[in-house]
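# Summary of structural features
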Amino acid sequence: MAKLSPILKEALIHLFKKPATRKYPEEKPKIPTGYRGKQIFDINLCIGCGLCSRDCPAKAIEMVEVDGKPRPLFHLDRCIFCYQCAESCPRNAIKSLEIFELAATNKSDLIVKPKASGAAGGV
Amino acid sequence: MPTSINGILKALGDALGGKILQTGTLRPEKVLVQVDVGAHRDAIKVILKQDENAGVSAITGVDLGKTIKLLYHIRACNTIITIGVELPKENAKIESITDLISGANFHEREVSDFFGVTFEGHPNPKRLILPEDWPENVFPLRKDFTAPNFPSKTENSGALKDNEQVSGDDGLVKIVLGPQHPALIEPEKFILKVDGEIVKEVKPRIGYVHRGIEKAAESRTYLQDIYLVERICGICNACHAACFCQTVEAIMGVDAPPRARYLRTIILELNRIHSHMLLLGHAGFEIGYETLFHYMWRDRERILDIMEELTGNRIIASFITIGGVRRDLKEEMIPRIKAEMEALRERMKFYKELFENDSTIKMRTKNVGVLSKQDALKLCVVGPVARGSGVNMDVRRDEPYAAYNEIPFRVITYDYGDSWARLMVRLDEVVESANIIQYALEHLPSGPYRVRVPRIVPAGEAIGRVEAPRGELFYYVKSNGTAYPERVKVRTPTFANILAFVKIAEGINIADVPASFISLDPCFSCTDR
Amino acid sequence: MSLDSGFLFRVLIFPGFAFILFFTMFCDWVERKIEARVQNRMGPTYTGPAGILQPLADFVKLLTKEDIVPFNVKNFIFKLVPILSFSIFVFAFAFLPIDGANAILNSNFEGDLILVLTLISIANFFLFLSGWSSTNPYSATGAARVLTQFLGYDIPLFILALAPAFLARSLSILRIAASQPLPFALVIPWVFVLFMITLQAELEKDPFDIPHAETEIVGGYETEYTGRRLAFLKLAKDVQIVLGAAIAVELFLGGPYGPVFYGSPAFWCALWFVLKLLVVVVFTEYLTCVFARLRIDQVLVINWKVLLPLSLLSLVATVGLGLWLNPLR
């Protein structure tokens, strides 16, 4: 007869342990730096080359006219958060925030427009 | 006794003589032998005589304008030898090879579905991936394909013709498993013909999750394609990206720098650990053992946390690119990862003891769904399914890629061939992977982690093979000198393993079907692409 | 006995219908919390303090859902079964002493043990009918499995229940519970262990979980039920679990009788009953968590080749022990 299954003791010990689940949304998880979340775009660094839009695998970046110059508009509902745009950008104008709670009830909330000149962000 | 590739080439030259049109190399250093139409069967017979364990790895079709080229990639002597045949497009007929190698069944059906090639002598020439009501004579992967106008669904009941009555004419009851069923994670249909409680015959129908990725890859640049092929399968995404990048680097003649190769190894092994733990937990759930499921997935969370720190996301890594990797590994992470691997090894000892001693697990999985070594070799199965039946094959050892030629590790096989053996293979592989990651971290070379590559890839074709968690993953990429690939062919491991399910399920008790099915680790997104 | 307010109070509130209902929901919460803690997660947390209102919330939610009756079912049986099996299980509670006496005073009689066990069999048969009347292949398979499994364990259950009846020289549950100066679990431990295993099969919990095997047959006999009927079917299942544990407590653990410290005996009896029942419930739930699910043919082998002979042998051993302890005049 083989030994007793080790799960008997393990299950008993677990009855007295703290649960491994977290009480979300009261307790939020800790997000490491470098997480690929929502984009933050600095319009002052952008030169309008359009490489981000050309390289995007999901066609989520559209070049629109802002102050007569082409600037990227992000469609977050199509974005796959691969950050190829950030890699292709020659001026490092696109960076990542550690925001992952992006659910919205309105599709227009998920479009990140480039703000007019002077203001940084676009978040 | 299998001889080397040169021996095979010499034997081919002797046997076929003038029927060989050309011998060349398919990068990287793989042999391509182009033969006359009709001589492919003789070529394969010669290879089988030299190495009786040879099997089909994939059958690729390429549309070259006026002709269709068929490439038979045969796995022999631990490497791939390709037999190429060109057929005229108007009269695309060729003899089938299923009587020589039974594992070629699904591969030929797929080529006939997508390219319109007729395989004479095939035992079951029905549609494999495209739906029943797809119009005739429209072949998606040909270059002159235009999307047809589909008639509205209410008029067309072609798909429903497949659902026959519950009680057939031979007195057997038909039970349909899927496409929606709690036992399956992803949708496919299996029609089981049951006599009392014993399953007599299984008819699989796949293609419910087909998204046309091979065709979509032809209209995106190489850089965009990396992200596309990553999403063929969520669980083994790093392997798809690695295989694609390897293949394209082979066409370009570029080598990733040493640090990048080690980092690729680390992410591939992390991917393997998380996939195996996912499956072991899921197997527990299928046999009614929910506690095992919860414990295993809780331990898997720590691996996902490491991946999140390393790559920026928990599952889809997007870490590998053409020419190297996209991010570097920070020095302060190394001791943390090593501590996690140590903790993982300790936990795996508990699970190994559980699987070896728990009576209910053994009652559900021992001697259930047995696949003998002979059948495993004939059906060309790959991965832990083959290793659980005693077949000693592993691409990491047979044809090392990334940094595997510098890292020592064991290839794990079990001889029983039942569901228990297949699950134990995966359990032991988790421990092996933890060891590989530890070794790679200790010997990580310094230097650049990426080289810049041009966006336009020179003309050429190449093959890549990677050991995904489910088995051997095979890629064939052909480039015509522009920024868009001409042909990307993906042969995923579960595609090669579905035939094993058909063989296993014949003659077993119907209550054993979920347990044996889940031990094959099916991933249907991979199968259908 | 007259239909005065005392009688109505005993039947409807305590220890009658309302007590059984709320105690069942409490036991359901205890089970879910135990299962969750064994699996290292939280269990019901948000509804009410520590999630204690969760079973009530589930019941009320199901009552508000749409009631769909499929076209082809056998109408009368389909609609009748949930409430009928629920009421039979609750009715069986009337013969168990909860606060020292039955809910309807003086309703115990010689042979009510047999009656209670028969009521359980009948109610299980109705659960089978619920699956059979649904005319859905998944329900039919689930129903067939329920029947196969309870045919197997019913006989050992009866035989093992006779052992404490022999030691107490009575077939009335009240008398058996009352004649245990030392709980029978300690006097005849082999019968107790076998009874717990058979109980696990009767309550359809792992490893004998096969009628509920979600991964193979979707919902088993519950597949076609929605709304109110599903609420009562689930409640019937929960009451069955509490009833099975209560029988184990009465027959083997001394029922509600225990040391009385101060105050009214009825309060202490009820308290002991609740505590002992919770112990049994926690133990059966722990066993559920640590085993996988066996196949139907393995369950049959265990029932007919292992449980039945062992229960006959243990009955013989008990008779021997009883005659040695208390020789017949």
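None of the values given here were measured: they were computed from a predicted structure.

### Quick word on the overall build of chain A
- Scanning chain A for helices and strands turns up three helices and five strands.
- The linear arrangement of helices and strands in chain A, starting from the amino end, is α-β-α-β-β-α-β-β.
- Taking 123 residues into account, the globule formula puts the C-alpha radius of gyration at 14 Å, and chain A, at 22 Å, lies well above it.
- Structurally, chain A occupies a C-alpha span of about 80 × 30 × 25 Å along its principal axes.
- Considering chain A as a whole, with its 123 residues, one finds that 39% of them fall into the buried category.
- Considering only intrachain contacts with a sequence separation of at least 6, the fraction spanning at least 24 residues in chain A is 68%.
- Only carbon and sulfur atoms are counted for the fraction: they give 56% of the accessible area of chain A, which is about 7,400 Å².
- Of the charged side chains in chain A, 20 are positive and 13 negative; the average position of the first set lies 5 Å away from that of the second.

### Regarding helix 14 (residues 419-442) of chain B
- Helix length check: helix 14 of chain B, at 24 residues, gives a terminal C-alpha distance of 36 Å against a target of 34 Å (1.5 Å per residue), a fit within 8%.
- With 20 of 24 residues buried, helix 14 of chain B is to be regarded as a mostly interior element.

### Quick word on the packing of aromatic side chains
Residues and elements named next belong to chain B.
- For the coordinates displayed, the defined rule picks out 27 aromatic pairs over all chains.
- Arranged with centres 5.9 Å apart and planes meeting at 65 degrees, the rings of Tyr404 and Phe409 form a pair that is edge-to-face. Assigned by exposure class, Tyr404 and Phe409 land together as buried.
- Taken together, the ring pairs in this structure connect Phe190, Phe501, Phe517 and Phe524 into an aromatic cluster.
- Just above the ring of Tyr416 sits the side chain of Lys366; from NZ or CZ to the centre is 5.3 Å.

### Observations regarding the sheet that holds strand 10 (residues 198-205) of chain B
Residue and element names in this part refer to chain B.
- An order of 8-9-10 is seen for the three strands of this open sheet, with the pairing classed as antiparallel. Every other strand in the sheet has two partners, leaving strand 8 (173-177) and strand 10 as the edge strands with one partner each. When strand polarity is set aside, the average angle formed by the axes of neighbouring strands in this sheet is 25 degrees.
- Here strand 9 (residues 189-195) pairs with strand 10 via seven bridges, running antiparallel. The partner of Lys193 across the bridge, within strand 10, is Glu201.

### Thoughts on the environment of Ile97 of chain B
- Residue placement: Ile97 of chain B occurs in the loop between strand 6 (93-95) and helix 3 (105-115).
- Ignoring sequence-local partners within four residues, the contact set of Ile97 of chain B consists of His40, Arg41, Ile44, Val56, Tyr72, Ala104 and Glu108 of chain B.

### Some points on the interface of chain B and chain A
- Contacts between chain B and chain A engage 28 residues on the former and 27 residues on the latter.
- Summed over both sides, the interface of chain B with chain A buries roughly 2,400 Å², with 46% coming from carbon and sulfur.
- Taken together, the links from chain B to chain A amount to four salt bridges.
- The closest approach of N and O atoms between Arg450 of chain B and Glu87 of chain A, which form a salt bridge, is 2.9 Å.
- When contributions to the side of chain B that touches chain A are tallied by element, the ones reaching two or more residues are helix 5 (222-230), helix 8 (290-311) and helix 9 (333-357) of chain B.
- Here the side of chain B that touches chain A gets six residues from one element, more than from any other, and that element is helix 8 of chain B.

### Some words on the interface of chain C and chain B
- In this complex, chain C contributes 21 residues to the contact, which on the side of chain B involves 23 residues.
- Between chain C and chain B, a total of about 2,000 Å² is buried, with carbon and sulfur atoms accounting for 51% of that surface.
- Our count for the chain C to chain B interface comes out at one salt bridge.
- Residue Arg295 of chain C pairs with Asp512 of chain B through a salt bridge whose shortest N-O separation is 2.6 Å.
- Counting the contacts that link chain C with chain B gives 10 residue pairs in polar contact (both at pLDDT 80 or more).
- Looking at the side of chain C that touches chain B, the elements with two or more residues in it are helix 2 (17-38), helix 10 (214-217) and helix 13 (296-325) of chain C.
- For the side of chain C that touches chain B, the element with the highest residue contribution is helix 10 of chain C, accounting for three residues.
- Class assignment of the residues belonging to the side of chain C that touches chain B gives a composition of nine nonpolar, four polar and eight charged.

### Considerations on the domain arrangement of chain B
Residues and elements named next belong to chain B.
- By domain assignment, chain B separates into domain 1 (5-120) and domain 2 (213-528).
- Distance between the C-alpha centres of domain 1 and domain 2: 27 Å.
- Facing the 32 residues of domain 1 at the interface are 29 residues of domain 2.
- Across the interface of domain 1 and domain 2, roughly 2,500 Å² is buried in total on both sides, 58% from carbon and sulfur atoms.
- In this assembly, domain 1 and domain 2 are joined by two salt bridges.
- One salt bridge in this structure joins Glu472 and Arg75, with 2.5 Å as the shortest N-O distance.

### Description of the sheet that holds strand 5 (residues 79-88) of chain B
Residue and element names in this part refer to chain B.
- Judged by pairing direction, the sheet is mixed, and its five strands sit side by side in the order 1-2-5-4-3 without closing on themselves. For this open sheet the edge positions go to strand 1 (20-26) and strand 3 (55-63), each flanked by a neighbour on one side alone. Recorded for the sheet is a direction-independent mean angle of 20 degrees between the axes of neighbouring strands.
- Pairing geometry for strand 4 (residues 67-76) and strand 5, over 10 bridges, is antiparallel. Directly across from Leu71, in strand 5, lies its bridge partner Gly84.
- Most of the contacts of helix 1 (residues 5-16) go to strand 2 (residues 30-35), to which it runs at about 10 degrees, and overall it touches strand 1, strand 2, strand 4 and strand 5.
- Running at roughly 10 degrees to strand 3, helix 3 makes contact with strand 3 and strand 4 of the sheet.

### Considering the state of the cysteines
- Under the defined criterion, the tally for this structure stands at zero disulfides over all chains.
- Looking at the unpaired Cys79 of chain A, the closest cysteine sulfur is the one in Cys56 of chain A, lying at 6.5 Å.
- Here Cys526 of chain B is not disulfide-linked; the sulfur of Cys233 of chain B is the nearest cysteine sulfur, at 3.6 Å.

Rules behind the numbers
Residues numbered from 1 in each chain as written. Chains lettered and ligands numbered in written order. Predicted model: local features only at pLDDT ≥ 70, side-chain atom pairs only at ≥ 80, totals over all residues. Heavy atoms only, no water. Helix = DSSP H or I, 4+ residues; strand = E, 2+ residues; numbered from the N terminus. Rg over C-alpha atoms; globule rule 2.2 N^0.38 Å. Buried < 20%, exposed > 50% of the residue type's maximum accessible area, 1.4 Å probe, protein only. Contact = heavy atoms within 4.5 Å. Areas by Shrake-Rupley, 256 points an atom, 1.4 Å probe, with all protein chains shown as cover. Lys, Arg positive; Asp, Glu negative; His and termini not counted. Charge placed at Lys NZ, Arg CZ, Asp CG, Glu CD. Expected span 1.5 Å × (residues − 1). Phe/Tyr/Trp six-rings, centres within 6.5 Å; stacked < 30°, edge-to-face > 60°. Lys NZ or Arg CZ within 6 Å of the ring centre and 35° of its normal. Pairing = 2+ DSSP bridges. Axes fitted to C-alpha atoms, helices over the stretch in contact; angles between N-to-C directions. Buried area = accessible area lost by both parts, 1.4 Å probe. Salt bridge = Lys/Arg side-chain N within 4 Å of Asp/Glu carboxyl O. Polar contact = N/O pair within 3.5 Å; in protein donor to acceptor, adjacent residues only side chain to side chain. Nonpolar A, V, L, I, M, F, W, Y, C, P; charged D, E, K, R; others polar. Domains from an automatic or database assignment. Disulfide = S-S within 2.5 Å.

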